[in-house]
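# Architecture at a glance
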Amino acid sequence: ATIVKAVVNGRGVYTNIKNAITFLLSGNMAGILCVLFTSLLGLPVPFAPVHLLFINLLTDSLPAIAIGVEPATGDLLNKPPRDPKEPILSRQLMGQIMGYGALIAIAAMAAYWIGLRDGGAELAMTLAFSTLTLARLFHGFNCRGEASIFHLGLTSNPASLGAFFAGVALLAAALFIPGLDQLFEVSPFTGAEIGM
């Protein structure tokens, strides 16, 4: 019984490490793709350095920690043992990371384009930053496991909910609290633009 429990715990830890790596690398891939896209087209930069620091230090670390404490699912023992020679960043995982990163980048660039069209470079930067941050926070739920969030359950990992709401609160503070908006180089925007 102790050996079985140890195998379940080991597989759970390994799965959580893979999921956290997927979350972190796919989110960073999205930021890289956004910067690459705007650079190739000669457009203004989509993010200020403080935006990337905010995302990486505050809103990324909380969901990654929450993914790390995801409870082990009951089907871990039904899977065959993994090949010990298989790298943690397999081709399949790299494909997932690229796919997720591309989807998040498309969302951020759509917001950037709307901001550029409607209010100029500063608004575009603000909308891209907000969209990238929110997309990565939602992506934290996606990276909790292979099953859908409806199968895993929203409340099975309270840390993931706490990380999401803390990230949203930090983003709202950066966008709307006087003084912080200047520190984080964000442009004020209207209710209609929030809805975009």
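Up top is the structure.
Residues numbered from 1 in each chain as written. Predicted model: local features only at pLDDT ≥ 70, side-chain atom pairs only at ≥ 80, totals over all residues. Heavy atoms only, no water.

## Here's the deal with the overall build of the chain
The helix and strand tally for the chain stands at 9 helices and 0 strands. Beginning at the N terminus, the succession of helices and strands in the chain can be written as α-α-α-α-α-α-α-α-α. C-alpha atoms of the chain, sized along the principal axes, occupy 60 × 35 × 25 Å. Within the chain, buried positions represent 38% of all 196 residues. A sequence separation of at least 24 residues applies to 79% of the contacts in the chain between residues at least 6 apart. Accessible area for the chain stands at about 10,800 Å²; split by element, carbon and sulfur atoms hold 70% of it. (Helix = DSSP H or I, 4+ residues; strand = E, 2+ residues; numbered from the N terminus. Buried < 20%, exposed > 50% of the residue type's maximum accessible area, 1.4 Å probe, protein only. Contact = heavy atoms within 4.5 Å. Areas by Shrake-Rupley, 256 points an atom, 1.4 Å probe, with all protein chains shown as cover.)

## A look at helix α2 (residues 49-59)
If you check which residues of α2 are buried, you get H51, F54, I55 and T59. Buried residues along α2 cover an arc of 95 degrees about the axis, so they all sit on one side. Of the exposed residues in α2, those oriented more than 90 degrees away from the buried face are P49, L53 and L57. Buried residues along α2 sit against α3 (61-68), α5 (121-142) and α7 (158-176). (Arc of directions from axis to C-beta.)

## A closer look at the layout of surface pockets
Approximately 680 Å³ is the volume attributed to the largest pocket. Along its surface, the largest pocket is lined by 23 residues, and T15, K18, N19, K79 and E146 are the ones closest to its centre. If one sorts the elements of the lining of the largest pocket by residue count, helix α1 (residues 2-41) sits on top with 7 residues. For the lining of the largest pocket, the class distribution of residues is 8 nonpolar, 9 polar and 6 charged. (1 Å grid on protein atoms, 1.4 Å probe; cavity = no way out; pocket = protein on both sides within 12 Å on 5 of 7 lines; lining within 4 Å. Points joined across faces, edges and corners; volume = space filled by probe spheres on them. Nonpolar A, V, L, I, M, F, W, Y, C, P; charged D, E, K, R; others polar.)

## Quick notes on the packing of aromatic side chains
A complete count under the given rule lists 5 aromatic pairs for this structure. Aromatic side chains F54 and F184 sit 5.2 Å apart centroid to centroid with 75 degrees between the ring planes, which places their arrangement in the edge-to-face category. Here F54 is found in helix α2, whereas its partner F184 is found in the loop between α8 (180-183) and α9 (191-195), with 130 residues between them in sequence. Exposure class is identical for F54 and F184. Each is buried. Among the aromatic residues, those joined into a ring-pair cluster are F138, F141, F164 and F165. (Phe/Tyr/Trp six-rings, centres within 6.5 Å; stacked < 30°, edge-to-face > 60°.)

## Regarding the packing of α2 against α7
Relative orientation of the contacting elements α2 and α7 amounts to 150 degrees, with a least axis distance of 11 Å. Our classification of the angle between α2 and α7 gives roughly antiparallel. Of the two elements, α2 crosses α7, and the hand of that crossing is right-handed. Mapping the contact onto sequence places F54, L58 and T59 in α2 and G167, L170, L171 and A174 in α7. The residue makeup of the contact of α2 with α7, split by class, is 5 nonpolar, 2 polar and no charged. (Axes fitted to C-alpha atoms, helices over the stretch in contact; angles between N-to-C directions. Parallel < 35°, antiparallel > 145°, perpendicular 65-115°, else oblique. Left-handed = near helix turned anticlockwise from the far one by under 90°.)

Nothing here speaks to function; it is all geometry.
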